[in-house]
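Observations on the three-dimensional arrangement
The primary structure of each chain is shown beneath.
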Amino acid sequence: MDPAATTVGPLSSVTLTDGRLLTSADDDAAVAVVDATYATANEISVGGTIEVGGTDVEVVGIVASGSSAAETAADVFLPLTTAQTLSEAGAVVSTVYVQAASASEIGAVQSALAAALPDATVNSQSDLAETVSGSLSSATSLITNLGLWLSILVLAVALLLAVLLTVSGVTRRTREFGTLKAIGWSDARVVSQVAGESLIQGLLGGVIGIVLGLAAIITINVIAPTISTAPTAGMSGPGGFPGGGFPGSAQTASEITLSAPITLWVILAAVGVAVLGGLVAGIFGGWRAARLSPSEALRAVN
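Residues numbered from 1 in each chain as written. Predicted model: local features only at pLDDT ≥ 70, side-chain atom pairs only at ≥ 80, totals over all residues. Heavy atoms only, no water.

Turning to the overall build of the protein chain, a few remarks are in order. Helices and strands together make up the secondary structure of the protein chain, namely eight helices and seven strands. Considering only residue pairs separated by 6 or more positions, the protein chain has 74% of its internal contacts joining residues 24 or more positions apart. (Helix = DSSP H or I, 4+ residues; strand = E, 2+ residues; numbered from the N terminus. Contact = heavy atoms within 4.5 Å.)

Three or four residues apart is the spacing at which side chains of an α-helix point the same way, because the helix has 3.6 residues per turn. Over its 27 residues, helix 7 (residues 264-290) runs 39 Å from end to end, which matches the ideal 39 Å to within 8%, given 1.5 Å per residue. Every buried residue belonging to helix 7 is among Gly277, Gly278, Ala281, Gly282, Gly285, Gly286, Ala289 and Ala290, and all of these are buried. (Expected span 1.5 Å × (residues − 1). Buried < 20%, exposed > 50% of the residue type's maximum accessible area, 1.4 Å probe, protein only.)

For the rest of this paragraph, the subject is the layout of surface pockets. The computed volume of the largest pocket comes to approximately 700 Å³. Along the walls of the largest pocket sit 25 residues, with Met1, Asp2, Leu80, Ser94 and Thr95 positioned nearest its centre. Of all the elements in the fold, those that place two or more residues in the lining of the largest pocket are strand 5 (76-77) and helix 2 (80-86). Per-class residue counts for the lining of the largest pocket are 17 nonpolar, seven polar and one charged. Here the second largest pocket defines a volume of roughly 600 Å³. Along its surface, the second largest pocket is lined by 27 residues, and Ala162, Ser198, Gly277, Gly278 and Ala281 are the ones closest to its centre. Mapped by element, the contributors of at least two residues to the lining of the second largest pocket are helix 4 (125-172), helix 6 (187-223) and helix 7. At eleven residues, the largest contribution of residues to the lining of the second largest pocket is made by helix 4. Here the residues of the lining of the second largest pocket sort into 14 nonpolar, ten polar and three charged. (1 Å grid on protein atoms, 1.4 Å probe; cavity = no way out; pocket = protein on both sides within 12 Å on 5 of 7 lines; lining within 4 Å. Points joined across faces, edges and corners; volume = space filled by probe spheres on them. Nonpolar A, V, L, I, M, F, W, Y, C, P; charged D, E, K, R; others polar.)

The next subject is the nonpolar core. If you look at the biggest cluster of nonpolar residues, it comprises ten residues: Ala32, Val34, Ala36, Ala39, Ile44, Ile50, Val57, Val59, Ile62 and Leu78. Listed by contribution, the elements that provide at least two residues to this core are strand 2 (31-35), helix 1 (36-41) and strand 4 (55-64). No other element matches strand 4, which puts three residues into this core. Ignoring sequence-local partners within four residues, the contact set of Leu78 consists of Met1, Leu22, Val31, Ala32, Val52, Val57 and Ala83. (Core = buried A, V, L, I, M, F, W, Y, C linked by side-chain atoms within 4.5 Å.)

Bringing helix 6 into the picture now. Here helix 6 contains 37 residues, and its C-alpha end-to-end distance of 54 Å stays within 8% of the 54 Å for a straight helix at 1.5 Å per residue. Within the span of helix 6, buried status applies to Val190, Val194, Ala195, Ser198, Gly202, Gly206 and Ile217. Two residues or fewer after helix 6 comes Ala224, characterised by a positive phi angle close to 50°.

Take the environment of Leu203 next. For Leu203, the location among the structural elements is in helix 6. The spacing of Leu203 and Gly278 is 75 residues in sequence and 7.5 Å in space, taken between C-alpha atoms. Residues contacting Leu203, with those up to four places away along its chain left out, are Val271 and Val275.

Attention shifts here to the pattern of salt bridges. Side-chain pairing between opposite charges can occur once the charged atoms of the two side chains come close. For the coordinates displayed, the defined rule picks out one salt bridge. A salt bridge links Asp26 to Arg20; the nearest nitrogen and oxygen atoms lie 2.7 Å apart. Relative accessible area serves as the criterion here: at 34%, Arg20 is assigned to the partly exposed category. (Salt bridge = Lys/Arg side-chain N within 4 Å of Asp/Glu carboxyl O.)

Their axes nearest at 7 Å, the elements helix 6 and helix 7 cross at an angle of 150°. What the angle tells us is that helix 6 and helix 7 run roughly antiparallel. Here helix 6 and helix 7 pass one another in a crossing that is right-handed. In terms of residue class, the contact of helix 6 with helix 7 is built from 18 nonpolar, seven polar and one charged. (Axes fitted to C-alpha atoms, helices over the stretch in contact; angles between N-to-C directions. Parallel < 35°, antiparallel > 145°, perpendicular 65-115°, else oblique. Left-handed = near helix turned anticlockwise from the far one by under 90°.)

A large share of strand 2 lies buried, amounting to five of its five residues. Strand direction decides the pairing type here: strand 2 and strand 4, joined by five bridges, are parallel. Considered in strand 4, the bridge of Val34 is made with Ile62. Here strand 2 runs beside strand 5; their pairing, made up of two bridges, is antiparallel. If you follow Val33 over to strand 5, its bridge partner there is Phe77. (Pairing = 2+ DSSP bridges.)

Here it is, written out as structure tokens:
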């Protein structure tokens, strides 16, 4: 990096933890500033040296990102002239940071840069925002679709279990249903009896589920847990244009308070699903009870 550029660029938003930053006097000096995480991992300290391109470079400072959870844009920062001297590529610049005077001039500056440098990639803050928005939209769509199919799968499994438990309960009540059929109950009446019982159980289950769900929602809203978002790399000043990347000044960290909404149609849908599940399970259970033959009914009574 250009050591004279301090208001824009990869070191414009870092925090100096030890030593000093690069200055214009370091233009062609064999010095470097090192990322704190990289320094800790490699046991590097201010005053020590690291080897870059076969040359020993003195470490004059250690920096960290504005967030302790995020690393800086690079592990080692060298003066531009020194880096070009040590590099086999020679006098090559990969990224240029441009700062507009005001936000209203960003579009014009971006267009002018694109016209002046047709082979360069010119990225603005809005480009970064569109990229992030697209990624978030894709993630949201994936989570929504995954949640939908998981919900359908869970409901199908719950319905199957309800049917199996109801049929099992009917089997254990063979004597009871045998007695009812022996005294003249029709198959339709037996089916309606079992279905009605199962329907009531489904309704009670739905009410209990709503009570538990509301209790969980109220608990979450009262506790109001928060998650912190780490600062992300952004553009420097009112309008930064790194010509090939997005590093710049770090955005401030923020906290998001989690809450669970209460939606009436969701509650009604939950009760409807519970009742429907109980009705379906009751129909299958009643069908099993109705299949008892008169001889089975008499044996059950005896």
